[in-house]
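Topology and contacts: notes
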Amino acid sequence: MTDAGFEAVLAALRDAPLEVPSADHREEVRTGLLARARPPARSRSRRWLAVPLAAAAALIAIAAWPAPELRAIALPVLPPLPARGHVHPLPGAVFTAASHVPDEIVTLHDGTIHLDVDPLHAGERFRVVIGTSEVEVRGTAFDVTAAHDHLVGVHVLHGRVVVRPFDRDAVVLVAGGDWRDPPITAAEAPVPPTPRPRIHAAPPTPPASPSPDQLAYDDAWTALRGSRFDTAAAYFAKALVAAPGGALADDARFWHAVALARDHAVRPAIAAFRELVDEHPGSTHAGEASAMLGWLLVDAKHLDEARERFAAATNDPSPRVRASARAGIDALDSPKP
Amino acid sequence: MTKLVPLRRIAGSLPELSDAALLAACATGDSAALGALFDRFNVAVYRFLARLPTTDEAARDDLVQATFLEVQRCAGSFRGASSVKTWILGVAANTSRRQSRGERRRRVHQAMFVVEQHDREVVRPDAAVEQRRLIAKIAGALAQLPHDQQVAFALCDLEQLPGVEVARALHIPEGTLWRRLHQARRAVRAIIGGGA
């Protein structure tokens, strides 16, 4: 058979219809994948701590379970959703696991759920959302009760919980603390004056938790300062994933490329700088990125593109960037040995 | 009533992140990045696996999931030696090899049966039928090849990925890749020349 004939057969094979499942089916596969995906790796120092903490939380939860009638109820342990803890719903509880790590949200509509939440990593959050209120934790065991999408009560067995009612200031509860609000029912009319919620052991409200992109960005800088460039690149990318259009995105995009370059991951660094310069020309780092890209391209022997990138950086406001760009052009113009 | 709703798609398709950036985020265990990678490449992985006759069709969903779980596990080892797509297809090839070892004998038998069925139904002279028969026959021939040769043929000749990248993604020397490809092509040519 001639080469042309063989190529024709290959073309026919390429064009042959292949069975790809429907979009709905692939969505199911995707959901299953994310449910099976591993959470971020725990550091060694915290891994040993997590097991006794979880065991202690479980013991405390069992020992401190308040209502005698509830002790008789066998609490079902649901499949590993959410990933950072276990939800034990009481009969009648209606809730959904709405999002996965790093920002896990359990939406509670009605009834009471008991949660055991593992200690979280930097950048992770775990929240229970009830209507427009929310309860945020960082490694604790607690009960949350809701009625008709309204937060009714929180009881903390272990750890620390931040309660953010939609119509009041946030409060912090520690072990043994309670927060209560009378449930609102459809039959209630007129509404009696609402008593102030009982707040136990509520220290002053702490500052708001940093956002996931802020946490990832901070982790990235910690790694960058420690010369762990691959880790830094990963965390800058994570910051971008967490908030692609956020206030930190421009800086994260630039430093992601820089970290890759420092890690000697030349091709990914070139790709990252190209993406920044070509797709985000308004970036405050565009000139500097263009000059850096030029030098990477010189090393990679893409001299024509390198010249273009240097030229684009010659008008940068920063004298340092302009000097670097001119030095790059001079290097390209100088005779080769 | 107690109900548990599966994971919600995290808002936004992350279109402005490069494939390598997503992979880097994936290496930290970021499930949003893994989901975005799945969105970008799942069709390519399905298509590639469908080209391998020794992959078990009934278990293809599991294989796709296993591929992306492996992608997440190994994401930190990606050094940019190939495109992310080639690298992921290399992961799929290695994952499918493990699965196909136990299935190969059965699949070869089935493929031979399919070829025999097509041989019997050659009754119409029109080109479309002839082409379908030829494709089925080649698929049958490929099914009898070792898995590594199937992968080389599918990635290089059918997916048309650069050989250098494919060799890096499969962690084999280029010479080994070309040898496998040559053997696969020779088998396909033999089938075409002998029976078409």
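Residues numbered from 1 in each chain as written. Chains lettered and ligands numbered in written order. Predicted model: local features only at pLDDT ≥ 70, side-chain atom pairs only at ≥ 80, totals over all residues.

**With respect to the overall build of chain B**
Using the following cut-off: Think of it this way: any DSSP run of H or I at least four residues long counts as a helix, any run of E at least two long counts as a strand, and we number them from the N terminus. Any residue with 12 or fewer other C-beta atoms within 10 Å of its own C-beta is exposed, any with 20 or more is buried, and the rest are partly exposed; the C-beta atoms used are placed from the backbone. Two residues qualify as a contact pair if the distance between their C-beta atoms, derived from the backbone, is within 7 Å.
Of the regular secondary structure elements, chain B holds 8 helices and 0 strands. From first element to last, N terminus to C terminus, chain B shows the α and β order α-α-α-α-α-α-α-α. Out of the 196 residues in chain B, the part that is buried amounts to 43%. Within chain B, contacts between residues at least 6 apart in sequence are counted, and of these 70% link residues at least 24 apart.

**A short note on the overall build of chain A**
Helix and strand content of chain A: 11 helices and 10 strands. By the burial criterion, 39% of the 337 residues in chain A qualify as buried. Restricting to contacts in chain A with at least 6 residues of sequence separation, those with at least 24 account for 44%.

**A look at the pairing of strand E6 (residues 140-147) of chain A**
All names here are of chain A. For the record, the criterion: Strands were regarded as paired on the criterion that DSSP finds at least two bridges between them.
In terms of residue burial, E6 counts as a mostly covered element, since 7 of its 8 residues are buried. Pairing geometry for strand E3 (residues 103-117) and E6, over 7 bridges, is antiparallel. When the sheet's bridge partners are listed, Thr112 is paired in E6 with Thr145. The sheet contact formed by E6 and strand E7 (residues 150-158) spans 7 bridges and is antiparallel. Bridge pairing in E7 links Thr145 to Gly153. Following E6, the chain reverses through 2 residues before pairing antiparallel with E7; His148 in that reversal takes a positive phi of roughly 50°.

**A few points about the packing of helix H2 (residues 31-51) of chain B against helix H3 (residues 60-74) of chain B**
Residue and element names in this part refer to chain B. Selection criterion: Lines are fitted to the C-alpha atoms to define the axes, a helix being fitted only along its stretch in contact, and any angle between axes, read from their N-to-C directions, falls within 0 to 180 degrees. With respect to orientation, any angle under 35 degrees is reported as roughly parallel, any angle over 145 as roughly antiparallel, any angle of 65 to 115 as roughly perpendicular, and every other angle as oblique. Two helices that cross are described as forming a left-handed crossing if the nearer one is turned anticlockwise from the farther one by less than a right angle, and a right-handed crossing if clockwise. Following the grouping adopted for this structure description, the nonpolar residues are Ala, Val, Leu, Ile, Met, Phe, Trp, Tyr, Cys and Pro, the charged ones are Asp, Glu, Lys and Arg, and the polar ones are all others, Gly among them.
For the pair H2 and H3, interaxial distance at closest approach is 10 Å and the crossing angle is 130°. The pairing of H2 with H3 is recorded here as oblique in orientation. Seen from above, H2 lies across H3 with right-handed handedness. Every residue of H3 that contacts H2 at Leu34, Leu37, Phe38, Asn42, Val45, Tyr46 and Leu49 is listed here: Arg60, Leu63, Val64, Thr67, Phe68, Val71 and Gln72. Along the lines of polarity and charge, the residues of the contact of H2 with H3 split into 10 nonpolar, 3 polar and 1 charged.

**What to know about the nonpolar core**
Counted only if it meets this: Core membership is restricted to buried Ala, Val, Leu, Ile, Met, Phe, Trp, Tyr and Cys residues, and these are joined into a nonpolar core through C-beta atoms within 7 Å.
Grouped together as the largest cluster of nonpolar side chains are 103 residues, with contacts concentrated most on Phe236(A), Ala239(A), Ala257(A), Phe273(A), Leu23(B), Cys26(B) and Leu37(B). Per-element tally for this core: the top contributor is H2(B), with 11 residues. Every residue in contact with Phe236(A), bar those within four places of it in the chain, is listed here: Ala220(A), Ala252(A), Trp255(A), His256(A) and Ala259(A). Ranked by size, the runner-up nonpolar core spans 29 residues in total, among them Ala93(A), Val129(A), Leu151(A) and Leu173(A).

**A look at the interface of chain B and chain A**
Chain B puts 51 residues into the contact, and the matching count from chain A is 54 residues. Taken together, the elements giving at least two residues each to the side of chain B that touches chain A come down to helix H1 (19-27), H2, H3, helix H5 (127-143), helix H6 (147-158) and helix H8 (174-195) of chain B. A total of 12 residues in the side of chain B that touches chain A trace back to one element, the largest contributor, which is H2(B).

**Regarding the pairing of strand E9 (residues 171-174) of chain A**
The side chains of a regular strand alternate, residue by residue, between the two faces of the sheet. All names here are of chain A. Judged by which residues are buried, E9 turns out to be one-sided: Val171 and Leu173 face inward and are buried, whereas Val172 and Val174, on the alternate face, are not. For strand E8 (residues 160-164) and E9, the ladder comprises 4 bridges, and the chain directions are antiparallel. Each residue of the ladder has a partner; that of Val163, found in E9, is Val171.

**Looking at the environment of Leu18(A)**
Mapped onto the fold, Leu18(A) is located in the loop between helix H1 (3-15) and helix H2 (23-36). Residue classification places Leu18(A) among the partly exposed residues on the basis of 14 C-beta atoms within 10 Å. When near neighbours in sequence (up to four residues on either side) are disregarded, Leu18(A) contacts Arg47(B), Ala50(B) and Arg51(B).

**A look at helix H11 (residues 319-333) of chain A**
All names here are of chain A. Under the convention used in this document: One less than the residue count of a helix, multiplied by 1.5 Å, gives the span that helix is expected to have. The reported arc concerns the directions from the helix axis to the C-beta atoms and nothing else.
Helix length check: H11 (15 residues) gives 21 Å between terminal C-alpha atoms against 21 Å at 1.5 Å per residue, within 8%. Looking only at H11, the buried set comprises Val321, Ser324, Ala325 and Gly328. When H11 is viewed along its axis, its buried side chains cluster within an angular range of 95° and face the same direction. Across from the buried face of H11, at angles greater than 90 degrees, the exposed residues are Pro319, Asp330 and Asp333.

**A look at the environment of Val298(A)**
Residues and elements named next belong to chain A. Mapping Val298 onto the fold places it in helix H9 (residues 286-299). A tally of 18 C-beta atoms within 10 Å means that Val298 is categorised as partly exposed. Each C-alpha atom of the pair Val298 and Leu332 lies 8.1 Å from the other, and the pair is 34 residues apart in sequence.

**Details of the confidence of the model for chain A**
Residues and elements named next belong to chain A. Selection rule: Values of pLDDT, which run from 0 to 100, indicate the predictor's confidence residue by residue.
Put simply, chain A has an average pLDDT of 74, and 75% of its residues get 70 or more. Looking at the elements of chain A, mean pLDDT is at its lowest for helix H4 (residues 68-71), recorded as 35, and at its highest for helix H10 (residues 303-313), recorded as 91. Every residue in residues 65-80 is under pLDDT 50, and counting partners more than four places away or in other chains gives 14 contacts. Segment residues 183-204 is flagged for pLDDT under 50; beyond a separation of four residues in sequence, or across chains, it makes 26 contacts in the model.

**Comments concerning the packing of helix H5 (residues 212-225) of chain A against helix H6 (residues 229-242) of chain A**
Residue and element names in this part refer to chain A. The contact between H5 and H6 brings their axes to 8 Å, and the two run at 165°. Comparing their axes, H6 and H5 come out roughly antiparallel. Note that H5 runs across H6; the crossing there is left-handed. Where H5 abuts H6, its residues Pro212, Asp213, Ala216, Tyr217, Asp219, Ala220, Ala223 and Leu224 lie against Phe229, Thr231, Ala232, Tyr235, Phe236, Lys238, Ala239 and Ala242.

**Some points on unusual backbone geometry**
For Lys301(A), which is not a glycine, the phi torsion comes out positive at approximately 70°. Tracing the chain through its elements places Lys301(A) in the loop between H9 and H10. For Lys301(A), a count of 7 C-beta atoms within 10 Å corresponds to the exposed category. Even without a glycine there, the phi angle at Gln160(B) is positive, about 55°. With respect to the element layout, Gln160(B) can be found in the loop between H6 and helix H7 (163-170). Overall, the presence of 9 C-beta atoms within 10 Å leaves Gln160(B) in the exposed class.

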